[in-house]
Amino acid sequence: MPGITLPPFPDDVRTHRLLIIDYELVKAGDKDEENRLWKAATTIGYWYLKNHGADQEVSDMFDMGVETMALPFEERMKFGQGEGQYFGYRKLGANAVDAAAMNLNTSEFINVSKDDALAYPQVVHRTYPSTINACMENTIAPFIRKALEVNYAVLNIFNEKLGLPQGTLERLHAMEEHSTSDARCIRNPPQVKETAEKPPIGAHTDFGSLTFLHNRLGGLQMMPPGHDEWSYVRPIPGHAICNVGDSLSIFSGGILQSNIHRVVPPPGTQAGYERWSLSFFTRPGNSEVIRALTESSSLIAEAVKEQPDRNFETGFTAAAWLVMRMKNHRINN
């Protein structure tokens, strides 16, 4: 990836236009920009974020991903995700990408826990390959702190808009609390005839609260509400793609939208190149229960009342919610 000139995203494929939110304006308390962010989050659940200030951290994380995936397969598998384990390396073909498990994922990735990165060299959840340990303090932890800064700023705006007591959403996602929040670096190999029709990552909604995504090639597709066809999300250099996940949608009584999406081979001439993506998933603290915050907000209580057929009482803690959701994707299950 380093030093390679990538072909442009084609103009002849279906795309869905997202609002571009300026993080500098958000930080400055610009009310018009906060309203635009709220509109994006409550109508489609996706937006671009510019001026996020994480470009160097993102570039360093991609370099770390390249170094890690270049390790021998046997070395990577020493740090594989075992049964009940979410962090670590996940090989190609380990997850189902459709309900019948007829197609398997054509991507590989490494998940690094927020807790492990910020506590390093202390081990909270697990150990990682040498390439990750070498980058933990100078690359991974700075990226995670930046992603948390961005997502906390967004959460605090949503907190106010939802009429919640000050700091409620940030407390549910507190940095110092153990959680399943993580940084994920994904490699999709160049597409060949045998895999050209298989989505590397199948249709899903994110099960956390907020996603901070960076990619350099196309492939991300979404199904906007009210549509019945998939649309690409065009990658824009220097812009993150952000979205609401299921946990935050449930906390808000469905006011904030968690939208279905998938990853397919890059379109056009981009298909012949490795596709790398980098995400940070902000998730609630492990002991937090995933349920609508009706007692804390009349707005949320009213929204829940207007959706009698939807269950906002999952009965799961955030930790159990992740285990349940991940188990249903793995071919062993």
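Residues numbered from 1 in each chain as written. Predicted model: local features only at pLDDT ≥ 70, side-chain atom pairs only at ≥ 80, totals over all residues. Heavy atoms only, no water.

*Asks:* Could you clarify how one ought to interpret the overall build of the chain in this entry?
*Replies:* When you go through the chain residue by residue, the secondary structure sums to eleven helices and 14 strands. The C-alpha atoms of the chain give a radius of gyration of 19 Å, which matches the 20 Å a tight globule of 333 residues would have. Taken across its 333 residues, the chain has 54% of its residues classed as buried. For the chain, long-range pairs separated by at least 24 residues make up 79% of all intrachain contacts whose partners lie at least 6 apart in sequence. When the accessible area of the chain is evaluated, it comes to approximately 14500 Å², of which 50% is carbon and sulfur surface. Positive and negative charge centroids in the chain, built from 32 and 40 side chains respectively, lie 3 Å apart. (Helix = DSSP H or I, 4+ residues; strand = E, 2+ residues; numbered from the N terminus. Rg over C-alpha atoms; globule rule 2.2 N^0.38 Å. Buried < 20%, exposed > 50% of the residue type's maximum accessible area, 1.4 Å probe, protein only. Contact = heavy atoms within 4.5 Å. Areas by Shrake-Rupley, 256 points an atom, 1.4 Å probe, with all protein chains shown as cover. Lys, Arg positive; Asp, Glu negative; His and termini not counted. Charge placed at Lys NZ, Arg CZ, Asp CG, Glu CD.)

*Asks:* What should I look at first to understand the pairing of strand β10 (residues 240-244) in this one?
*Replies:* Within a regular beta strand, the side chains point alternately toward one face of the sheet and then the other, so they alternate between its two faces. Counting buried positions along β10 gives five out of five residues, so the element sits mostly inside the fold. Note: strand β2 (residues 46-50) against β10, four bridges, orientation antiparallel. Its bridge partner lying in β10, W47 is registered against C242. Pairing of strand β7 (residues 210-215) with β10 involves four bridges; the strand directions are antiparallel. Pairing of L213 across the sheet is with I241, part of β10. (Pairing = 2+ DSSP bridges.)

*Asks:* Can you help me understand the nonpolar core in this one?
*Replies:* Ranked by size, the top nonpolar core spans 67 residues in total, and within it W47, I140, F158 and F212 carry the most contacts. Of the residues forming this core, the biggest block, twelve residues, is contributed by helix α7 (residues 136-161). Ignoring anything within four residues of it in the chain, the contact list for F158 reads L37, W38, A41, W47, L169, L210, V244, L248 and L256. (Core = buried A, V, L, I, M, F, W, Y, C linked by side-chain atoms within 4.5 Å.)

*Asks:* What exactly am I supposed to notice about the sheet that holds β2 here?
*Replies:* Strands belonging to one sheet form pairs held by backbone hydrogen bonds; the direction of such a pair is parallel or antiparallel. An order of β1-β2-β10-β7-β12-β5-β4-β3 is seen for the eight strands of this open sheet, with the pairing classed as mixed. In this open sheet, the two edge strands, each paired with only one partner strand, are β1 (20-22) and β3 (88-90). Averaged over all neighbouring strand pairs, the angle between strand axes comes to 25°, with direction disregarded. Of the strands in this sheet, β1, β2 and β10 touch helix α2 (residues 31-43), which is tilted by about 145° from β1. (Axes fitted to C-alpha atoms, helices over the stretch in contact; angles between N-to-C directions.)

*Asks:* Got a minute to help me understand the sheet that holds strand β6 (residues 201-204) in this structure?
*Replies:* One open sheet holds the four strands; their spatial order is β6-β11-β8-β9, and the pairing between them is antiparallel. The sheet terminates laterally at β6 and β9 (231-232), the two strands that pair on one side only.

*Asks:* Is there a simple way to explain unusual backbone geometry in this structure?
*Replies:* Across the chain, the bulk of peptide bonds are trans and the bulk of non-glycine residues have phi less than zero. For the bond from Y120 to P121, the omega torsion is 10°, close enough to zero to count as cis. You can see P121 is positioned in the loop between α5 (114-119) and α6 (130-133). With a phi angle near 55°, N51 is a residue other than glycine that sits in the positive phi range. Mapped onto the elements of the fold, N51 is located in the loop between β2 and α3 (55-69). Here N51 falls in the partly exposed class, since its relative accessible area comes to 40%.

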